[in-house]
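Chain by chain, the residues:
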Amino acid sequence: MGMLFPCLLAGILNGCALQIFREPMKVGNGPLIALYIFIFTTFILLWSIRLYPRNLRKLGKFQPIIEFFTAEFLMEDLIIDFWFPLEAFFLELLPAIAQNIDDWVSAGGWSAEVITDFLKSEASGFYASYTLALFFFLATLHSSRVIDLRTLTQDGPRRFCREICFKTKTGIRRILRKFGFRKKRKVNINEQRNTHQTIDSFNSRQKLHKNRCQSQEYCPLHNLICKTDSDSEFDFFKGFAATSKSNS
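For every chain, the first residue of its written sequence is number 1, and the numbers climb from 1 along that sequence. Local features are withheld for residues below a pLDDT of 70 in this predicted model, meaning they are given only at 70 or higher, and side-chain atom pairs are given and counted only at 80 or more; totals for whole chains, interfaces and linings count all residues. Each side-chain value is derived from all of the structure's non-hydrogen atoms; neither hydrogens nor water enter the calculation.

Asker: When you look at the layout of surface pockets in this model, what are you seeing that I'm missing?
Answerer: Picture a little ball the size of a water molecule; that probe, rolled over the atoms, points out where space is still empty. Taken as a whole, the second largest pocket holds about 260 Å³ of empty space. Lining the second largest pocket are 19 residues, and of these Asn14, Ala17, Val27, Leu35 and Phe84 lie nearest its centre. Comment: elements are numbered from the N terminus, with helices defined as DSSP H or I runs of at least four residues and strands as E runs of at least two. Counting residues per element, the ones that place at least two in the lining of the second largest pocket are helix H1 (4-15), helix H2 (32-48) and helix H3 (63-107). The element that contributes the greatest number of residues to the lining of the second largest pocket is H3, accounting for six residues. Under the scheme applied here, ten amino acids are nonpolar (Ala, Val, Leu, Ile, Met, Phe, Trp, Tyr, Cys and Pro), four are charged (Asp, Glu, Lys and Arg), and all others, including Gly, are polar. The residue makeup of the lining of the second largest pocket, split by class, is twelve nonpolar, five polar and two charged. Here the term cavity refers to a set of points on a 1 Å grid, laid over the protein atoms alone, in which a 1.4 Å probe fits but cannot get out; the term pocket refers to an open set having protein on both sides within 12 Å along at least five of seven lines, with lining residues being those that place an atom within 4 Å of a point. Grid points are joined across faces, edges and corners, and a volume is the space filled by probe spheres set on the points.

Asker: What's the story with the environment of Leu51 in this structure? I'm lost.
Answerer: Inspection of the secondary structure puts Leu51 in the loop between H2 and H3. In sequence terms Leu51 and Thr70 are 19 residues apart; their C-alpha atoms lie 7.1 Å from each other. In what follows, a contact means two residues having at least one pair of non-hydrogen atoms within 4.5 Å. Once residues lying within four places of it in the same chain are set aside, the contact partners of Leu51 are Cys7, Leu46, Glu67, Thr70, Ala71 and Leu74.

Asker: Any chance you could explain the pattern of salt bridges here in plain terms?
Answerer: Here the idea is simple: oppositely charged side chains can pair when their charged atoms come close. Any Lys or Arg side-chain nitrogen located within 4 Å of an Asp or Glu carboxyl oxygen qualifies as a salt bridge. Taken as a whole and assessed by the stated rule, the structure comprises five salt bridges. Where Asp77 meets Arg22, a salt bridge forms, and the shortest distance between an N and an O atom there is 3.1 Å. Placement of the pair is Asp77 in helix H3 and Arg22 in the loop between H1 and H2, with a sequence separation of 55 residues. Where Asp81 meets Arg22, a salt bridge forms, and the shortest distance between an N and an O atom there is 2.2 Å. Residue Asp81 is found in helix H3, and its partner Arg22 is found in the loop between H1 and H2; the two are separated by 59 residues along the sequence. A relative accessible area of 44% places Asp81 in the partly exposed class. Partly exposed describes any residue whose relative accessible area lies between the buried limit of under 20% and the exposed limit of over 50%, with all areas from a 1.4 Å probe on protein chains only and scaled to the type maximum.

As structure tokens, then:
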């Protein structure tokens, strides 16, 4: 996983429209909330992957700075070269679809003004932008194993909501424990002593049982092979064959 604060700082800078490497030539015409959803999605994606390769040497105090510039570069690239062109494509696609529908329907003498007016309106473009942002958001949460969408389809929405609440609480506890806000649970000396006594008594019983079973021909734990009458008959015929062979 990447470090939290470098990825978070890169997301805050892009949310405030502050670019370090390059500025976008053309800003999308979609809603601002959809852009914020995509920036948060990018933050989760960069936080869940390893920004600094494991096989390279760690740089100590300079490593957060390197991860920040890496996260900033990747986030700017995803927003400028991926999100803005994709959003502009869908915003231009819906009016084009409406115009084609209008041409097809008018050729047959029909009218579909309700559908075409909705597709040409600004609200349809906003709905498409929100749908895209939420799609990438859910896909990133599922791919980073924050949520499991298979639970929603297999066990229903109630189990899915419970799993989200449980994972949210677990994640908050891990973050608090990482920064030292939650202390580890202390184990009493008496509890440790009782645990060791239980293990020692179990080992002693196992050793005593094994010593008792060494004198027996059959034991279900230590000696699983038991001699039967057929085995003794087989040994008798084997000895008789060896004796006759030596005499000949």
